[in-house]
Amino acid sequence: MFFLKFFLKKILPWLLILLLLPAFPRFMRALPQSTDALISKRYEGWSGVLRLWVYEGWQPGNGSLAPWLNQCITAFEKDHSGVYIQLKQVSEQTLQDFASPEVRMPDIILFPPGLIEDPSALMELDLQALDANLLPALGAVGMIQGGTRALPVAMGGYGWARNNALLSDWPQDFASAQLLNPKKSSKEAPVALALPPDGDYLSYSGALITLLGRENTAPMPIEAREEAPYTAFSNGRVAVMPMTQREMRRMALLSESGKGPDYTLDADSVCFTDQLALLALPDTGFSDSPARKELALAFAAHLMTADCQQALSSVRAFPTIPLEQALYAGVSGYEEMEQALRSEALRVPTAFVNSWRASAKSLVEQALSGQISVQSAYLQFKALFPQPVSPVQTKN
């Protein structure tokens, strides 16, 4: 009896283990693999650094898209063991030279519209394979010669800001509009538009914003460009100024300190943006490029997920896909701008064309000198950015 108990407890388990040992590898292969194991197998033979070059060209609410990108990169690296994405801020000229033979190409680039005018060194992207559920107005932004070579992954917008202490509504003729309660500092100032210094890729172009929206309105007098237009607007020297999400954030900070003006934002009548963060993948030709290419495409798809797009709220930027819930519901100014950016009537420049800026400036000069009407200038401006004939269909 004692021997039987000893056999069952001590010897039989080891005998069973010895009998099953040869079948153990086949048994383990039959089990479902963990996510990490599947990822390791899929990208077996390559691990290392994907190089991401960034030239933003415009500023979201907090001043940079980098915190958002880093947040998305961290999540991507967590799901792709052994893969690291190195984010590098580069100058305009460096990014334009990405395809130079003297330069080691990055794996991924992020750039504003018009900065790269020759896309021949960029890979063609399959929006359906990437599950890029773009807003309808953005469907053709990255297309050239029938193929897509750039993917919009974030954007900003424009709006008219009106100081409510000075103007109660939007006048049809700004030149003859009267200020409600002009302060001493604005006693000799007309109802005017404050513009910041202009630039190729700054937050906005004063020339084009003068055209936007209010097509039936007599043009505003334009004061000399202000070094501090936000101060001029907040202290009542001017009644109207163009704003982006960056300027709205600055005004919010002023309000928190008790200094900000009560203002109304009108974004619907603008319904245009050139503030797009475009992602593209250079055709590097590296010996390990197939694995790199697949991972770079996976990262592009990752940026288009609802989680990453919702995270844009952390930097006060706007999504390029139709989310179920708006990011800025109830946030004054941002809510109105987000609604305008989700409109199918939104006009945007294509990724690889920059000549429209000169056309916009010319139209502004003609309108302000009286050669053409404001309405005519506005309609000609909109014609520079036709809506896509066959936009990418959204799921919502």
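Everything in this summary refers to the structure shown in the same document. Being a predicted model, the structure only gives us computed values, none of them experimental.

Here is what the cut-offs are and how they apply
- Residues numbered from 1 in each chain as written.
- Predicted model: local features only at pLDDT ≥ 70, side-chain atom pairs only at ≥ 80, totals over all residues.
- Heavy atoms only, no water.
- Salt bridge = Lys/Arg side-chain N within 4 Å of Asp/Glu carboxyl O.
- Helix = DSSP H or I, 4+ residues; strand = E, 2+ residues; numbered from the N terminus.
- Buried < 20%, exposed > 50% of the residue type's maximum accessible area, 1.4 Å probe, protein only.
- Phe/Tyr/Trp six-rings, centres within 6.5 Å; stacked < 30°, edge-to-face > 60°.
- Pairing = 2+ DSSP bridges.
- Axes fitted to C-alpha atoms, helices over the stretch in contact; angles between N-to-C directions.
- Contact = heavy atoms within 4.5 Å.
- Core = buried A, V, L, I, M, F, W, Y, C linked by side-chain atoms within 4.5 Å.

**Comments concerning the pattern of salt bridges**
Within the structure shown, the criterion is met by two salt bridges. For D107, the salt bridge identified is with R292, shortest N-O distance 3.1 Å. Of this pair, D107 sits in the loop between α5 (92–96) and β3 (108–111) while R292 sits in helix α9 (residues 289–303), and the two are 185 residues apart along the sequence. R292 matches D107 in its accessibility class, with the two residues each being buried. The residue D274 makes a salt bridge to R357 at a minimum N-O spacing of 3.3 Å. Placement of the pair is D274 in the loop between β9 (263–266) and β10 (276–280) and R357 in helix α12 (residues 356–368), with a sequence separation of 83 residues. The pair D274 / R357 is uniform in exposure class, with both members buried.

**Topic: the packing of aromatic side chains**
According to the stated counting rule, one finds twelve aromatic pairs in the structure shown. Arranged with centres 6.1 Å apart and planes meeting at 15°, the rings of Y158 and F272 form a pair that is stacked. Of this pair, Y158 sits in the loop between β6 (151–155) and β7 (159–163) while F272 sits in the loop between β9 and β10, and the two are 114 residues apart along the sequence. Residue classification places F272 among the buried residues on the basis of a relative accessible area of 2%. Note on F272 and W356: the rings are 5.8 Å apart at their centroids and 65° apart in plane angle, and the pair reads as edge-to-face. Linking F272 in the loop between β9 and β10 with W356 in helix α12, this pair joins segments that are 84 residues apart in sequence. What makes W356 buried here is its relative accessible area of 5%. The rings of Y158, F272, W356, F381 and F385 are connected pair by pair, giving a single aromatic cluster.

**Some words on the pairing of strand β8 (residues 240–243)**
Side chains on a regular strand alternate between the two faces of the sheet. Side-chain alternation along β8 places V240 and P242 on one buried face and M241 and M243 on a second face that is also buried. Pairing analysis gives four bridges linking β7 to β8, with the strands arranged antiparallel. When the bridges of β8 are listed, R162 appears paired with V240.

**Structural notes on the sheet that holds strand β1 (residues 48–54)**
Pairing within the open sheet is mixed, and its five strands lie in the order β2-β1-β3-β10-β6. The outermost strands of the open sheet, each flanked by one partner alone, are β2 (83–89) and β6. In this sheet, neighbouring strand axes are inclined to one another by 25° on average, regardless of whether the strands run parallel or antiparallel. Note: β6 against β10, four bridges, orientation antiparallel. When the bridges of β10 are listed, A154 appears paired with A277. Against the sheet, α9 touches β1, β2, β3, β6 and β10, its axis set at about 55° to β1.

**Some points on the nonpolar core**
Counting 85 residues, the largest nonpolar core has W68, F111 and L151 as the members making the most contacts within it. Here this core takes six residues from α9, the largest share from any one element. In this structure F111 touches Y55, L95, I116, A150, L276, A277, L278, A280, A351 and F352, once residues within four positions along its chain are discounted. In terms of nonpolar packing, the next biggest core, distinct from the first, is built from 20 residues, Y158, A177, A367 and A377 among them.

**Considering the sheet that holds β9**
Taken in spatial order, the three strands make up an open sheet running β8-β7-β9, and their pairing is antiparallel. Looking at which strands have only one partner, the edges of the open sheet turn out to be β8 and β9. The sheet shows a mean angle of 30° between the axes of neighbouring strands, taken without regard to direction. Across the sheet, helix α8 (residues 245–256) touches β8 and β9, and the angle it forms with β8 is around 115°.

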